[in-house]
Each structure stands twice: as C-alpha cells, then as structure tokens.
Amino acid sequence: MRPRLHTLGLTALLAAISAATLTAGPATAADFPPADSGYHTYAEMVADIHAVADAHPDIVDLFSIGKTYKGRDIWAAKISDNVADDEAEPEVLFDGLHHAREHITLEQTLDLLHYLADGYGSSQRITEAVDSREVYIVFALNPDGAEYDIGGDPYRAWRKNRQPTPGSSKIGTDLNRNYDYRWGCCGGSSGKPGSPTYRGWKPFSAPETRALRDFVESRVVDGWQQIRTHITFHSNGKLVLWPYGYTKKNVPSDMSSDDHAAFVAMGKKMASLNGYTAKQSSGLYITDGDQIDWLYGDHRIFSYTFELYPAEHYTIEDFYPPDEILARETARNRSAILYLIEQADCPWRAAGLAAIDCGAFYDDLELGHGWRPNAQGTDTATDGAWQRGNPQGTSSSGPKQLGTTYSASRALVTGLKAGSRPAANDVDGGLTSITSPPIQLPATPGRLTFRYYLAHNAGSSSADAFRAVVMADDGDHVVLTEKGAARDDDAAWKSASIDIGAYAGQTIHLRFEAVDGAGANLLEAGVDDVRVRRP
C-alpha cells in the first residue's frame, strides 16, 4: 500500500506546493519509494533508452540536446527508417517532464519509444509511419527537478527546475512559463521567484528551455520549420489542449482561421481516441510563456499538450498515481499519438482543408520563408519597398493601406509604417518587387491562389500597376495585372486564382510587383496567403 498524500482544495494545494518548494530539506539518494518502483529514475531512463537504441540501431539514434543546470544530459531520440540521414520528411516532436513532479510524463515518452521501435516491422501502420516521418522524442526536459522531487518523504511536490534565481535565495524556474512567446503578458505566470509558476527573470533564462529552443530552431531548413506536429506531456487532468494559453479568444490576430480549424479537428479526434477531453489551453486556465504557444506562435508547429492520467481532483496525490496504472494509461495514448504522427504531412486534412492548404506551396506569411525584395536588382522605387510584417493602416478619401491582413497578423505590403501622412511610405519613383523562395511544382499542380489589393488616389493612371509574375525555366511570365486609373480606388482584399499547369514539374519563383509610373500620386499594394493548391 502506497503512503497517502493529503487531499486539498485548489487554493490550499497551491499554498502547500509553494511551501514545499521553500522548505524542502537536502536531497537524498534519488530513488522512487518501493511501492512506486515501476517509475524510472534518470539513471534507469538512460539505461532503458540506450538498450532500445542498441536493439534497433537502424531506426533509433540517441543524442543530447544540451545540459540541465546540474549538468545532466537532456536525452533525445530520433526514430526514422534512414535514421542517420536528414531526409525531406515531415517531422514530429514529443517531450515530457517539464514539471518535476509529473513523473508519469517520462513514462509516456518511454512507452512511445518502445511502441515505435518494437512495433517497427511487425505493425504495418507503425512501419509506414516510421518510414515516412522523422520522429523526435525529448524524454525528460527537467531531470534535475525530478531527481530532487523523489528525494522527499515520499515526494517533495517539486515543480520547477533547480536553477538559482539571481538576487534571490529561491530556487527554480517553471520551465513551462519560460518560453518567449507572450512571456509574462497576461497573468498566466508569476514574477515572484518563490512561486511554483515563476517564469524566470527573462525568457529562456533556464538552460533546459534554451536547449529545447536551440533544437527546434535547428530544424529550420532553408527557412522552413521541418517539425509539423508536436505533443508535450504533462499531468494531470486527462485533457488534449491546443494554443493559445495566453488568451481566451478562439482565433486571435496571431492565429489563422484555417489553423484554428485544424487544431480543433485534430484535438477532438485525438480525444476520441484516448478518452480525454479536448479544449483550448486557456479553457483550463490562462498561461503565458508556455511551450505550445511558443511552438505555434513562433514556428507554426501544430502543438498540443496532453494532460495525462488521472482526472483532476485538486490533490497533491494527482501527481503521483500508483505504478500499477502505468502500462494501461500510457498505452491509452498510443493511437492518438500515432494519429498525430500520420497527420504531420498535412495537418489541415483533419479539417477538410487538404486541397487548399496542403499543395505544393502554402505561405500565410506569418514566418520568414525567404521572400526577397529587389531580388533581381532592377527596382527603381525610391520609397514604399515591399516588406513582410504587420502593417499600419492609412486613409486618404478611404483606406489606402489596410491595417489588417487577410489572415493572422502578417502580409506583404509596400511600406509597413503609416508615417505622418498617408503618402509618407507609399510607392514612389517606379518599380518595387519581392520574390518568393523556390517552389517545386509537381507533375500536376493545382492553381496558384493569393489575396491582394492595389489602392491609389484619383491622380493615378494606367502607368500604375500591380503584377504577379511566374519566373519559370523559359523566362518570366506575367500571370496577373491590375492597372491604375484616374479615380480613387480604396484598398480591399481580392482573390486571385491562376492556372499554372504550363509550368508543371518545374522549380519556379513568384514575383509580385508594384509600379508607380504616374508620378506624384498615392499608391499602395498588399499580398497575403500565397498557395499552390492541390489539383
């Protein structure tokens, strides 16, 4: 019989945990109580993952993404068919043990390693997933805190890492409040070093979150993040959560409606597979500086939190379920995990958006994917060059530069800032252009689509223009032109849909141009949501 921990209300629970973080005595040898010996210590974890890698060297590669504050390796595994090669395959990331007392999350990452490695070659579905994906597992982000936690009597209810706080006697940062997206913005973390949700003295002040950050950023290849889907394992509550945690809004300005639809569809599907409840992260409570907000907000990774067994009872014992349930409760999540691995090639498929968003090219312009102003060196405009960002609106007899994008918060526009007057940053003096990264078209491409506007005042003429150009093997081809006219034309998003079948199989670039050819008149242009759809 395991020794019981006391039951508390939520307020009392948080107070008890905070007190534990301040008063716990010196650590003893790290080991679980005999009744919980089914859990893995750090040393046992290291032995286990090395045994799996030794048994499956063709598909499992172990490496460290960095060191903890105490100098422990943060171990990770890559699972893929050609594991030594960096193939052009969708990538999936899993991690566990952000919070020290959530030991079941390490067991979930270990179960996943065994599930994929042991099932390869015997399960067709697992084999196909491993052959077509690159899966990364970071087993324990916070082993320092976990080892400290199990040195109590029987536990310390410790949450944070073991890093001292400069200028304070308090120890530890809540790693899942230490990421730099909306860090400290919204009442979802604490600035007090003694708090269980202390966010650190600056974003990525913890070596563990910096190691995770550096690994994720290392997966940006040619401007494109290769990790497409992600789950971080926490406990407890039996929940599937998606971003954002910092706001209660379902679709805030830094999320597109298509992405939200995909988040909801995949989240609900996974919850149907593991019996959990699916909801937006802030539906549990507001958090800021957390991992899934950062992975989506900064990298556009479809990132989820699984709050594992048990259901929430607001007891300290919630964090320490008996080891007898480990096999059952980790296996419960296998089908949901495998589903997310399979969705990595096209996360929008779950929401019925595969034809729109999963073609040869999709850039909602939220991230910098290598668009280059004046790439050919032929621009002549003296002001209003193309930029990617969140534009400021201008108005002169109506809107001329829109202060809102078509989706989310960034677009291509001619001069982001409004300036002191409407014409301060408009296109002046000739041509400004911006060129896409290379786009490899399949043998049967779908249509090129994008949103755009051209706006001008009544001083315009047909010498002003917006153009879309396909740069193909045999030269440049203007595929859309909108000319100015001697009338006021306000900015409003329009839809373009262009047949590009003539360039099938080629690697092309797109170029957008705005031309001020009519002299001293007000001229603005914008582009958003550039796609080559599925046929």
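Residues numbered from 1 in each chain as written. Predicted model: local features only at pLDDT ≥ 70, side-chain atom pairs only at ≥ 80, totals over all residues. Heavy atoms only, no water.

J.: Got a sec to walk through the side chain of Asp528? Specific residues and values, please.
T.: If you trace the backbone, Asp528 turns up in strand β24 (residues 523–532). At 7.8 Å, Arg531 is the nearest oppositely charged side chain to Asp528, a buried residue that forms no salt bridge. A distance of 3.0 Å separates a polar side-chain atom of Asp528 from the backbone nitrogen of Tyr406. Once you skip the residues sitting within four places of it in the chain, Asp528 turns out to touch Asp364, Leu365, Thr405, Tyr406, Ser407, Arg410, Ala411, Phe450, Arg451 and Trp493. (Helix = DSSP H or I, 4+ residues; strand = E, 2+ residues; numbered from the N terminus. Buried < 20%, exposed > 50% of the residue type's maximum accessible area, 1.4 Å probe, protein only. Lys, Arg positive; Asp, Glu negative; His and termini not counted. Salt bridge = Lys/Arg side-chain N within 4 Å of Asp/Glu carboxyl O. Polar contact = N/O pair within 3.5 Å; in protein donor to acceptor, adjacent residues only side chain to side chain. Contact = heavy atoms within 4.5 Å.)

J.: Describe the packing of aromatic side chains, with residues and values.
T.: If you walk through the whole model with that rule in mind, you get 31 aromatic pairs. A centroid spacing of 5.9 Å and a plane angle of 40 degrees characterise the contact between Phe63 and Phe215, whose relative ring orientation is tilted. Of this pair, Phe63 sits in strand β1 (residues 60–67) while Phe215 sits in helix α6 (residues 207–218), and the two are 152 residues apart along the sequence. Positioned above the aromatic ring of Tyr42, the side-chain terminus of Arg72 is 5.9 Å from the ring centre. Lying across the ring of Tyr148, Arg162 places its NZ or CZ 3.6 Å from the centre. (Phe/Tyr/Trp six-rings, centres within 6.5 Å; stacked < 30°, edge-to-face > 60°. Lys NZ or Arg CZ within 6 Å of the ring centre and 35° of its normal.)

J.: Mind laying out the confidence of the model for the chain, listing which residues take part and the relevant values?
T.: Summing up the model confidence of the chain, the mean pLDDT is 94 and the portion of residues at 70 or higher is 95%. Below a pLDDT of 50 lies the segment residues 1–28, which in the model reaches 51 contacts outside its immediate sequence neighbourhood of four places, other chains included. (pLDDT = per-residue confidence, 0-100.)

J.: If you had to explain the nonpolar core to someone new, which residues and values would you point to?
T.: Formed by 94 residues in total, the largest nonpolar core has its most connected members in Met45, Phe94 and Phe139. Take this core: its biggest share by element is 8 residues, from helix α3 (residues 104–119). What Phe139 contacts, discounting residues up to four positions off in sequence, is Met45, Ile49, Leu62, Trp75, Ala76, Ala77, Gly96, Leu97, Leu106, Thr109, Leu110 and Leu113. Counting 31 residues, the second largest nonpolar core, distinct from the first, contains Ile439, Leu448, Ala525 and Val532. (Core = buried A, V, L, I, M, F, W, Y, C linked by side-chain atoms within 4.5 Å.)

J.: Any chance you could break down α6 for me, citing the residues and the numbers?
T.: Along its 12 residues, α6 runs 16 Å from first to last C-alpha, staying within 8% of the 16 Å computed at 1.5 Å per residue. For α6, every residue scored as buried is listed here: Pro207, Glu208, Thr209, Ala211, Leu212, Phe215 and Val216. (Expected span 1.5 Å × (residues − 1).)

J.: Give a detailed account of the sheet that holds strand β4 (residues 134–138), specifying residues and quantitative values.
T.: The 8 strands lie next to each other as β1-β2-β4-β3-β7-β10-β8-β9, forming an open sheet whose pairing is mixed. Across the chains shown, the open sheet's two edge strands, defined by having one partner strand only, are β1 and β9 (277–280). When the angles between neighbouring strand axes are averaged without regard to direction, this sheet yields 20 degrees. When strand β3 (residues 91–96) meets strand β7 (residues 227–235), the two strands line up parallel, connected through 6 bridges. Along β7, the bridge assignment pairs Glu91 with Ile227. Where helix α2 (residues 42–55) meets the sheet, its contacts fall on β1 and β2 (73–79), and the angle it forms with β2 comes to roughly 25 degrees. Helix-sheet contacts for helix α7 (residues 257–274) involve β7, β8 (239–242), β9 and β10 (302–308), and the interaxial angle to β10 is about 30 degrees. (Pairing = 2+ DSSP bridges. Axes fitted to C-alpha atoms, helices over the stretch in contact; angles between N-to-C directions.)

J.: Explain the pairing of strand β17 (residues 431–435) to me, and be specific about the residues and the numbers.
T.: Most of β17 sits out of view: 5 of its 5 residues are buried. Along β17, one buried face is formed by Leu431, Ser433 and Thr435 and the opposite face, lined by Thr432 and Ile434, is buried too. In this structure, strand β12 (residues 372–373) lies alongside β17, joined through 2 bridges in antiparallel fashion. Pairing of Arg372 across the sheet is with Thr435, part of β17. Where β17 lies against strand β23 (residues 507–515), 5 bridges are found, and the strand directions are antiparallel. If you follow Ser433 over to β23, its bridge partner there is Glu513.

J.: Could you give an account of unusual backbone geometry, naming the residues involved and the relevant values?
T.: Of note, the bond from Ser235 into Asn236 is cis; its omega dihedral lies within 30 degrees of zero at 15 degrees. With respect to the helices and strands, the residue Asn236 is situated in the loop between β7 and β8. Unusually for a residue other than glycine, Arg182 sits at a positive phi of about 55 degrees. Tracing the chain through its elements places Arg182 in the loop between α5 (143–149) and α6. Using a relative accessible area of 35% as the deciding quantity, one classes Arg182 as partly exposed. One non-glycine residue with positive phi stands out, namely Phe204, at about 60 degrees. Among the secondary structure elements, Phe204 is positioned in the loop between α5 and α6.

J.: Report on the packing of helix α4 (residues 124–132) against helix α10 (residues 334–342), specifying residues and quantitative values.
T.: Their axes nearest at 10 Å, the elements α4 and α10 cross at an angle of 40 degrees. The orientation of α4 with respect to α10, classified from their angle, is oblique. Of the two elements, α4 crosses α10, and the hand of that crossing is left-handed. Packed against α4, whose contacting residues are Arg125, Ile126 and Ala129, the element α10 presents Ser335, Leu338, Tyr339, Ile341 and Glu342 at the interface. (Parallel < 35°, antiparallel > 145°, perpendicular 65-115°, else oblique. Left-handed = near helix turned anticlockwise from the far one by under 90°.)

J.: Tell me about the state of the cysteines, and please be specific about residues and values.
T.: By definition, a disulfide links two cysteine residues through a covalent bond between their sulfur atoms. Taken as a whole and judged by the stated rule, the model has 2 disulfides. With a sulfur-sulfur separation of 2.0 Å, Cys185 is cross-linked through a disulfide to Cys186. Residues Cys185 and Cys186 are joined by a disulfide whose S-S torsion is about -100 degrees; by sign, that bridge is left-handed. By relative accessible area, which is 37% here, Cys185 ends up partly exposed. (Disulfide = S-S within 2.5 Å.)

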